[in-house]
Amino acid sequence: MKIAAAYIRVSTDDQIEYSPSSQLEKIREYAKRNDYILPDEYIFIDEGISGRHTQNRAGFNKMIGIAKTKPKPFDTILLWKFSRFARNREDSIVYKSMLRKQCGIDVISISENVGDDKMSVLIEALIEAMDEYYSINLAEEVRRGMTEKASRGEPLTIPSFGYKMEKGKYIPNPETAPVVQRIFNDYLNGKAVREIAVDINNEGYRTIRGNRFENRTIQYIISNPVYIGKIRWTPTGRVRRDYSNPDTMIVQGTHESIIDIDTWNAVQNKLKTANKTKYMRDKPATTPFMLQGLVRCSACGSTLCHTRDNSIQCHSYAHGKCTVSHSISLRKINAMVLNALEKSAATGEFKLEIQPKNTNNPIATESILNQIDKENKKFERVKDAYENGIYTLDEFKESRKKINDTIEKLNQKIAETKEPDKQKVISQLQHKIIDVLPALRSPAVTETEKNSILKSFIRKIIFYRTTEDIDVFFYA
């Protein structure tokens with residue numbers, strides 16, 4: 001008896017024929033008729049997700065990830081229709097080919113019997129081509145409908161911060177509409193966007209999607225014409241941040257404005273001046289530096305990035321999400337790190353994050369335990385098959401022996417996976433640091449080379465702004 005997985009996808013809530021429960025019911029019936037075992041843990045569902053692309057399909061991606069494990073967890077993936085797997089021929093070809101050739105896993109549509117002869121390849125390709133055409137045509141129809149709706153000034157998306165939706169119409173939210181007005185006034189009165197974002201975050205406000213405000217969030221709000229009663233829509237979907245796309249429509253909406261036109265115009269004029277000044281300034285330095293990607297903010301954990309004045313600053317602080325500045329000159333932080341390395345090499349004191357080396361047994365213990373758990377679950381399914389009369393006694397014994405042999409080998413791997421000897425690691429780090437310190441201090445070695453050297457044994461560096469101290473974490 002073979003093991004099957006099921007993949008179920010619906011794009012919208014009103015697809016009754018293709019609802020998850022109806023798809024699963026048909027797949028279970030097919031599995032029973034064709035002697036497949038369909039375990040609950042191998043049922044993967046994506047609801048309300050388009051099949052045009054795979055990036056946002058969590059269920060699909062989880063299924064593909066499990067399918068790649070060894071030994072293969074199932075023999076077949078059952079679908080209600082091929083269109084549930086993908087509406088993009090490129091994705092369909094890539095994933096089906098990978099599953100069949102690399103994993104030995106078939107993909108079967110239970111309602112589209114294409115057969116198993118050479119003509120089945122052509123028939124399956126024709127079905128997928130028709131599905132892709134349907135998807136593209138549907139997208140065009142939806143876009144056309146949304147464009148028509150926008151031309152009438154009707155809402156197209158969830159309400160922006162400051163509004164709420166009632167009976168299909170944007171209504172000013174009495175709790176957040178005053179915050180929007182304050183944002184416009186604060187910006188007009190000279191407050192920086194970062195400062196505005198920090199103030200609003202500190203007051204406990206969050207965006208419509210529940211995120212903290214950032215610089216770009218404030219910039220988006222003060223340039224969004226929805227607040228003066230208009231609807232902005234780009235039918236082609238190609239949107240620039242400055243909305244200079246000639247296809248972008250801005251029409252009078254059916255909702256009440258929050259910002260008066262005089263304030264709006266004053267803010268837009270100030271934005272134009274600020275943007276012009278911004279483009280006239282030199283671009284931020286992109287020159288690599290020795291500690292690039294290694295130093296973290298002690299307040300929020302974000303990486304410290306290069307700034308124009310040859311310093312580094314918390315990335316989240318620069319964008320209004322972190323409230324604690326961690327600005328420090330590169331010269332100063334470089335000296336602190338080199339001194340810390342020299343001290344660790346001399347004293348043998350290290351903050352270690354030991355990771356198993358990739359030797360002859362690269363599989364981590366946790367991964368092996370997961371495989372053992374899969375084998376135990378497989379045995380339970382084999383046992384159920386025997387008790388239900390699907391397996392003969394000889395088939396049950398043979399399957400049990402294979403599973404026990406696999407578990408024994410996995411247990412041997414666990415015994416071979418040992419944590420590195422701590423004292424040995426420390427000794428190696430001491431010698432490593434002594435060897436590389438001259439290069440790290442040498443002006444003849446490039447910053448990129450120094451960065452590569454440090455990343456070979458440093459996991460991260462935490463910088464504490466209040467005490468002007470650092471913690472260096474090493475790994476073997």
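Every chain begins its residue count from 1, and numbering advances along the sequence as written. Under the rules for a predicted model, residues below a pLDDT of 70 receive no local features and side-chain atom pairs below 80 are neither given nor counted, while totals for whole chains, interfaces and linings still include all residues. To obtain the side-chain values, all non-hydrogen atoms of the structure were included, while hydrogens and water were left out.

Quick one: what's the story with the sheet that holds strand E13 (residues 328–329), residue by residue and with numbers?
Spatial strand order, E11-E12-E13: 3 strands in an open sheet with antiparallel pairing. With partners counted over all chains shown, the strands left at the sheet margins are strand E11 (304–306) and E13, one partner each. The criterion for strand pairing is that DSSP finds at least two bridges linking the strands in question. Numbered from the N terminus, helices here are DSSP runs of H or I no shorter than four residues, and strands are runs of E no shorter than two. In this sheet, strand E12 (residues 311–314) lies alongside E11 in antiparallel orientation, the contact comprising 3 bridges. Counterpart to Cys305 in the pairing with E12 is Gln313.

An account of helix H1 (residues 20–33) is needed here, citing residue identities and associated values.
Between its first and last C-alpha, H1 extends 20 Å over 14 residues, near the 20 Å set by a 1.5 Å rise per residue. Considered for burial, the residues of H1 that qualify are Pro20, Ser22, Gln23, Leu24, Ile27, Tyr30 and Ala31. We call two residues in contact whenever any of their non-hydrogen atoms come within 4.5 Å of each other. Along its buried surface, H1 packs onto strand E1 (2–10), strand E2 (36–37), strand E3 (43–47), strand E4 (76–79), helix H3 (82–85) and strand E5 (106–109). Here the expected length of a helix is defined as 1.5 Å per residue gap, with one fewer gap than residues. Only protein chains enter the accessibility calculation, which uses a 1.4 Å probe; a residue whose area is less than 20% of its type maximum is buried, one above 50% is exposed, and one in between is partly exposed.

A description of the sheet that holds strand E10 (residues 295–297) should follow, citing residues and the corresponding values.
Spatial strand order, E10-E15-E16-E14: 4 strands in an open sheet with mixed pairing. Each end of this open sheet is capped by a strand with a single partner; those strands are E10 and strand E14 (351–352). As paired strands, strand E15 (residues 458–464) and strand E16 (residues 469–474) are joined by 6 bridges and run antiparallel to one another. Of the residues in E16, the one forming a bridge with Tyr464 is Asp469.

Break down the state of the cysteines for me, citing the residues and quoting the values.
Disulfides are defined in this document as cysteine sulfur pairs within 2.5 Å. Throughout the structure, instances matching the rule amount to 0 disulfides. The cysteine Cys297 is free of any disulfide, with Cys300 supplying the nearest cysteine sulfur at 3.8 Å. Between Cys314, a free cysteine, and Cys300, which holds the nearest cysteine sulfur, the sulfur-to-sulfur gap is 3.6 Å.

Account for the pattern of salt bridges, with residues named and values stated.
The rule for a salt bridge is simple: a side-chain nitrogen of Lys or Arg has to be within 4 Å of a carboxyl oxygen of Asp or Glu. Enumeration over the complete set of coordinates arrives at 20 salt bridges. With a shortest N-O distance of 2.9 Å, Glu154 and Arg152 are connected by a salt bridge. Exposure remark for Arg152: the relative accessible area of 43% places this residue in the partly exposed category. One salt bridge connects Lys191 with Asp199, and the closest N-O pair in it is separated by 2.5 Å. Given the relative accessible area of 24%, Lys191 is considered partly exposed.

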